[in-house]
Amino acid sequence: MKSCDKWSPIIAMVAIDFGFAIVNLLLKRIVDGGMDHLVFITYRQCIATIFLAPIAYLSERNRRPKLTFGILCHHFLSAIVGASLTQYFFLLGIQYTSASFSCAFINMVPVITFLMALPFRLENVNIKGSTGGRAKVVGALVCLGGAMILTLYKGSPLYKYSRSGVATHIVDQALKLSSGKRKERWTLGSMALISGTLLWSSWFLLQSYISKSYPCQYSSTAIMSLFAAIQSAALAVSMDRNFSMWALKGKEEILTVMYAGIVGSGMCYVGMSWCVKKRGPLFTAAFSPLIQIIAAMFDIPFLHEQLHLGR
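What comes next is a walk through the structure. (Residues numbered from 1 in each chain as written. Predicted model: local features only at pLDDT ≥ 70, side-chain atom pairs only at ≥ 80, totals over all residues. Heavy atoms only, no water.)

### Some points on the packing of helix 9 (residues 217-239) against helix 10 (residues 250-279)
Moving on, step 1. Across the interface, helix 9 lies against helix 10 with an axial gap of 9 Å and an inter-helix angle of 125 degrees. By the angle between their axes, helix 9 is oblique relative to helix 10. Pair helix 9 / helix 10 crosses with right-handed handedness. From helix 9, Gln217, Tyr218, Thr221, Met224 and Ser225 reach across to helix 10, where they touch Ser265, Gly266, Tyr269, Val270, Ser273, Trp274 and Lys277.
Moving on, step 2. Here the contact of helix 9 with helix 10 is composed, by residue class, of 5 nonpolar, 6 polar and 1 charged. (Axes fitted to C-alpha atoms, helices over the stretch in contact; angles between N-to-C directions. Helix = DSSP H or I, 4+ residues; strand = E, 2+ residues; numbered from the N terminus. Parallel < 35°, antiparallel > 145°, perpendicular 65-115°, else oblique. Left-handed = near helix turned anticlockwise from the far one by under 90°. Contact = heavy atoms within 4.5 Å. Nonpolar A, V, L, I, M, F, W, Y, C, P; charged D, E, K, R; others polar.)

If you want it as structure tokens, here you go:
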């Protein structure tokens, strides 16, 4: 029984990362096809809410604590730092920089979560008397070093392929931009990625508190998804009043939104909330780089993305 309790969060996080990697694979295709970022996030969170609400009602109705104003405020903040703004910043960062550059920031999440958890005493580090404490510090340094290599060293391509029509179009558009414009876009993208990384790391810490005050993963995630859908929709309408962008085009966009909502924002967030409750925010955040490894395994055969030695 103890062995099962020990390995269950690890198995759960590996499965969650597989789910997120497939979301990334599908997301790249529809974003390259021109789907608006905020529209995607809104639909994704709406589907997650619809999927989780009946499950939460049926499975947690007899043990759900009272929903106070304070708990609602925490869930509203959780939606901002864990869903709506975070996803928007990462998508904006990928659009204005590159997928490989964005990976470095995502891989920094465990280090930032670790540093942010220390002042709040959510993580204890005993370097002198604990092997675990030393392992945390070494792990943080290795993660930081890997992110720096990913950012600063590209290396030679590991294989060659002919670009797809979409990839060629994106490269051509990038080459047409002036040097000043590219620099401006890269700076904006970097700022968006930094903001997204800080928000995403904050979510793990906030979730650690929410899991104690409102220990119902399905209900908590459903409430967060509802708030995130409202926030994303309000932000989308305030930025662009063109309502034609809300129309989904084709089966691929519909299936991607459905999968991202049910699996990505539904089951995966429930699983992460459970892991934070069981093993803490740093343990859950430490699996973030695994998403990029799994995504690369899918990118090569399906999206024909170039993989370089540095990455």
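We are not done yet, so read on.
### Some details on the nonpolar core
Moving on, step 1. One finds Met13, Phe20, Trp200, Trp203, Phe204, Tyr269 and Met272 to be the most contacted residues of the largest nonpolar core, which totals 35 residues.
Moving on, step 2. At the level of secondary structure, the elements contributing two or more residues to this core comprise helix 1 (2-32), helix 3 (69-96), helix 4 (99-107), helix 8 (179-213), helix 9, helix 10 and helix 11 (281-285).
Moving on, step 3. For this core, the leading source of residues is helix 8, giving 7 residues.
Moving on, step 4. Beyond its immediate chain neighbours, meaning those up to four positions away, tyrosine 269 contacts Phe20, Gly82, Ala83, Gln87, Trp200, Trp203, Thr221, Met224 and Gly264.
Moving on, step 5. The next biggest cluster of nonpolar side chains, apart from the first, holds 19 residues, and it includes Leu92, Ala192, Met245 and Ala260. (Core = buried A, V, L, I, M, F, W, Y, C linked by side-chain atoms within 4.5 Å. Buried < 20%, exposed > 50% of the residue type's maximum accessible area, 1.4 Å probe, protein only.)

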